[in-house]
Amino acid sequence: MGPYTCKECSALQIMEQSHTTVISNSLTNGISIRKSHFNGIIPPMPWFGMDIGGTLSKLVFFEPKDAISEKTEDETQLMSNVTKYLTKNSAYGKSGHRDAHQQMDNVKICNRIGTLHFIRFPTSEMNNFLELAKRKGMAASVSTVCATGGGAFKFEENFKNELNLKLCKCDELDSLIRGLLFTVASNNNECYFWSQCTEDEQCSTQEYTFQYNKYPFIVVNIGSGVSVLAVYGPNNYKRISGTSIGGGTFLGLCSLLTGCNTFEEAIELAANGDNTKVDKLVRDIYGGSYSRFGLPGELVASSFGHMNSKEKRAQVSREDLARATLVTITNNIASIARMCALNERIDRVCFVGNFLRVNPISMKLLSHAMDYWSNGSQKAIFLNHEGYFGAIGCLLSFDERYKD
């Protein structure tokens with residue numbers, strides 16, 4: 001895979017120089033484009049990057065903290081209004097949320113220093129998001145936003161019709177890798193691993209020093225589905241595997257089996273369930289461990305294997321079904337990740353994606369699987385910004401686009 005470029009952005013750059021000038025005169029009461037000191041074009045605020053996934057949409061907002069004298073009064077007021085609304089609230093409408101704990105300070109974007117804010121909402125609520133963005137003037141002074149994910153294609157006309165906004169579509173996996181490398185380089189506390197993950201009382205997270213300029217490593221991106229990438233350099237990676245059984249599968253099956261409506265509700269149910277009432281373990285078949293091949297008795301031998309018994313079906317709870325669903329999907333992902341690491345002969349494996357948000361159960365399962373099946377030679381590495389790397393990568397594409 002080649003360098004991180006947004007082909008549409010390159011083609012649009014000259015076009016937008018004239019287009020945004022017209023928009024600034026007709027829609028933003030005279031807000032003008034500002035010239036940068038490197039002879040590029042600095043676009044008017046606000047600056048966003050979007051990752052519109054199959055289940056969840058992620059929005060990264062850059063809030064400048066430096067003082068730039070060439071701001072117009074109108075631009076200053078517009079930016080103040082948008083910033084105040086986005087940063088003074090943690091919830092937007094019924095389903096939009098700002099992850100305040102994810103905030104990144106002193107970040108440099110487009111030669112400006114500022115803060116990154118992270119916002120998410122269900123993709124199913126896209127129409128409500130567009131209505132809110134229009135009402136709050138978020139797109140009043142910009143004509144293009146860099147976006148990635150399948151929704152950048154699916155909702156392209158909606159953005160154009162509702163906000164008069166063009167989506168500059170960036171490659172999803174390019175954006176993911178670019179955002180991840182930038183975040184790890186910018187945040188010393190980004191990476192961590194779980195220690196003693198099978199011992200509830202002693203289990204804890206520990207900081208992991210990730211040498212982002214050392215290659216190769218594997219990225220397992222768990223969203224609605226799963227993609228596994230082998231990264232060999234800053235501009236060199238390949239997709240080596242994946243599966244359709246991911247976070248979207250978990251929520252879909254949980255909704256069918258338990259009647260839950262949200263990811264958070266499904267995780268809460270799972271946290272209070274017992275998958276061993278649903279899954280058939282090695283000990284249920286052998287009466288203990290299968291020592292010859294190193295299979296411990298508590299290992300799942302057949303996911304949902306007990307559910308062919310009418311008697312056992314009558315004994316399980318919604319919580320048990322949710323836990324078994326989560327364990328089934330997580331174990332499948334762990335197996336794929338481990339086999340990919342073996343095939344590529346790569347030791348470092350990073351797990352990212354919004355499936356891991358508020359989901360310590362899966363993180364502990366992934367940690368245990370990687371540690372156990374590698375005889376302690378591999379750790380599952382996790383990142384604090386989980387599912388926002390695609391949106392961050394889009395914001396960086398936006399940055400590159402306005403440089404010479």
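Our structure is the block above this text.
The shown structure was predicted, so the numbers you read here are calculated from the model rather than taken from an experiment.

## Some details on the overall build of the chain
Move 1: The secondary structure content of the chain amounts to 13 helices and 19 strands.
Move 2: Put simply, 68% of the contacts in the chain that link residues at least 6 apart link residues at least 24 apart.
Move 3: For the chain, the exposed surface amounts to about 18,800 Å²; the carbon and sulfur share of it is 47%.

## Observations regarding the sheet that holds strand E14 (residues 226–233)
Paired through backbone hydrogen bonds, the strands of a sheet run either parallel or antiparallel to each other.
Move 1: The seven strands lie next to each other as E12-E11-E19-E18-E13-E14-E15, forming an open sheet whose pairing is mixed. The open sheet is flanked by strand E12 (204–207) and strand E15 (236–243), the only strands paired with a single partner. Along the sheet, successive strands turn relative to each other by an average axial angle of 30 degrees, direction set aside.
Move 2: Examined bridge by bridge, strand E11 (residues 191–195) and E12 share four bridges and lie antiparallel to one another. From the neighbouring strand, Trp194 faces E12, where its bridge partner is Thr205.
Move 3: Those strands touched by helix H12 (residues 360–373) are E11, strand E13 (217–222), strand E18 (349–352) and strand E19 (380–383), and its axis lies near 150 degrees from that of E19.

## Some thoughts on the pairing of E18
Move 1: On E18, burial covers both faces: Val349 and Phe351 on one face and Cys350 and Val352 on the other are all buried.
Move 2: For E13 and E18, the ladder comprises four bridges, and the chain directions are parallel. Residue pairing for E18: Val220 is matched across the bridge by Phe351.
Move 3: Bridge count between E18 and E19: three bridges; the pairing is parallel. Residue pairing for E19: Cys350 is matched across the bridge by Ile381.
Move 4: In this view, the connection linking E18 to its parallel neighbour E19 by way of H12 has right-handed handedness.

## Things to note about the nonpolar core
Move 1: Counting residues in each nonpolar core, the largest one holds 65 residues, and the members touching the most others are Met50, Leu86, Ile109, Phe159, Leu180 and Val219.
Move 2: Ranked by residue count, the leading element in this core is helix H6 (residues 172–186), at seven residues.
Move 3: Counting residues in hydrophobic clusters, the runner-up holds 40 residues, among them Ile267, Cys340, Ala341 and Ala369.

## Observations concerning the side chain of Glu386
Move 1: Structurally, Glu386 can be placed in the loop between E19 and helix H13 (389–401).
Move 2: The side chain of Glu386 is buried and forms no salt bridge, while Arg357, the nearest opposite charge, is found at 5.6 Å.
Move 3: When sequence neighbours within four positions are dropped, the list of residues in contact with Glu386 reads Gln102, Val352, Gly353, Leu356 and Arg357.

## Some remarks on the packing of helix H7 (residues 247–258) against helix H11 (residues 318–344)
Move 1: Where H7 meets H11, the closest approach of the two axes is 10 Å, and the angle between their N-to-C directions is 160 degrees. Viewed along their axes, H7 and H11 adopt a mutual orientation that is roughly antiparallel. Taken as a pair, H7 and H11 cross one another with a handedness that is right-handed. Note on element contacts: H11 touches H7 through Arg318, Leu321, Ala322, Thr325, Leu326 and Ile329, opposite Thr249, Phe250, Leu253, Cys254, Leu257 and Thr258.
Move 2: The residue makeup of the contact of H7 with H11, split by class, is eight nonpolar, three polar and one charged.

## Digging into the pattern of salt bridges
Move 1: Tallied over the entire structure, the rule returns ten salt bridges.
Move 2: Between Lys58 and Asp51 there is a salt bridge, and its shortest N-O distance comes to 3.9 Å. An identical accessibility class is assigned to Lys58 and Asp51; each is buried.
Move 3: Overlapping salt bridges, with partners in common, bring together Asp99, Arg120, Glu264 and Arg357 in one network.

## Let's talk about the packing of aromatic side chains
Two aromatic rings are characterised by how far apart their centres lie and by the angle between their planes.
Move 1: In total, this model carries 17 aromatic pairs according to the counting rule given.
Move 2: Ring pairs connect the aromatic residues Phe193, Tyr208, Phe210, Tyr215 and Phe217, which therefore count as one cluster.
Move 3: Here the basic side chain of Lys169 rests over the ring of Phe153, its NZ or CZ set 5.4 Å away from the ring centre.
Move 4: Sitting above the plane of the Phe193 ring, Lys379 keeps its charged end 5.1 Å from the centroid.

The rules behind the values
Residues numbered from 1 in each chain as written. Predicted model: local features only at pLDDT ≥ 70, side-chain atom pairs only at ≥ 80, totals over all residues. Heavy atoms only, no water. Helix = DSSP H or I, 4+ residues; strand = E, 2+ residues; numbered from the N terminus. Contact = heavy atoms within 4.5 Å. Areas by Shrake-Rupley, 256 points an atom, 1.4 Å probe, with all protein chains shown as cover. Pairing = 2+ DSSP bridges. Axes fitted to C-alpha atoms, helices over the stretch in contact; angles between N-to-C directions. Buried < 20%, exposed > 50% of the residue type's maximum accessible area, 1.4 Å probe, protein only. Right-handed = clockwise from strand over helix to strand, strands pointing away. Core = buried A, V, L, I, M, F, W, Y, C linked by side-chain atoms within 4.5 Å. Lys, Arg positive; Asp, Glu negative; His and termini not counted. Salt bridge = Lys/Arg side-chain N within 4 Å of Asp/Glu carboxyl O. Parallel < 35°, antiparallel > 145°, perpendicular 65-115°, else oblique. Left-handed = near helix turned anticlockwise from the far one by under 90°. Nonpolar A, V, L, I, M, F, W, Y, C, P; charged D, E, K, R; others polar. Phe/Tyr/Trp six-rings, centres within 6.5 Å; stacked < 30°, edge-to-face > 60°. Lys NZ or Arg CZ within 6 Å of the ring centre and 35° of its normal.

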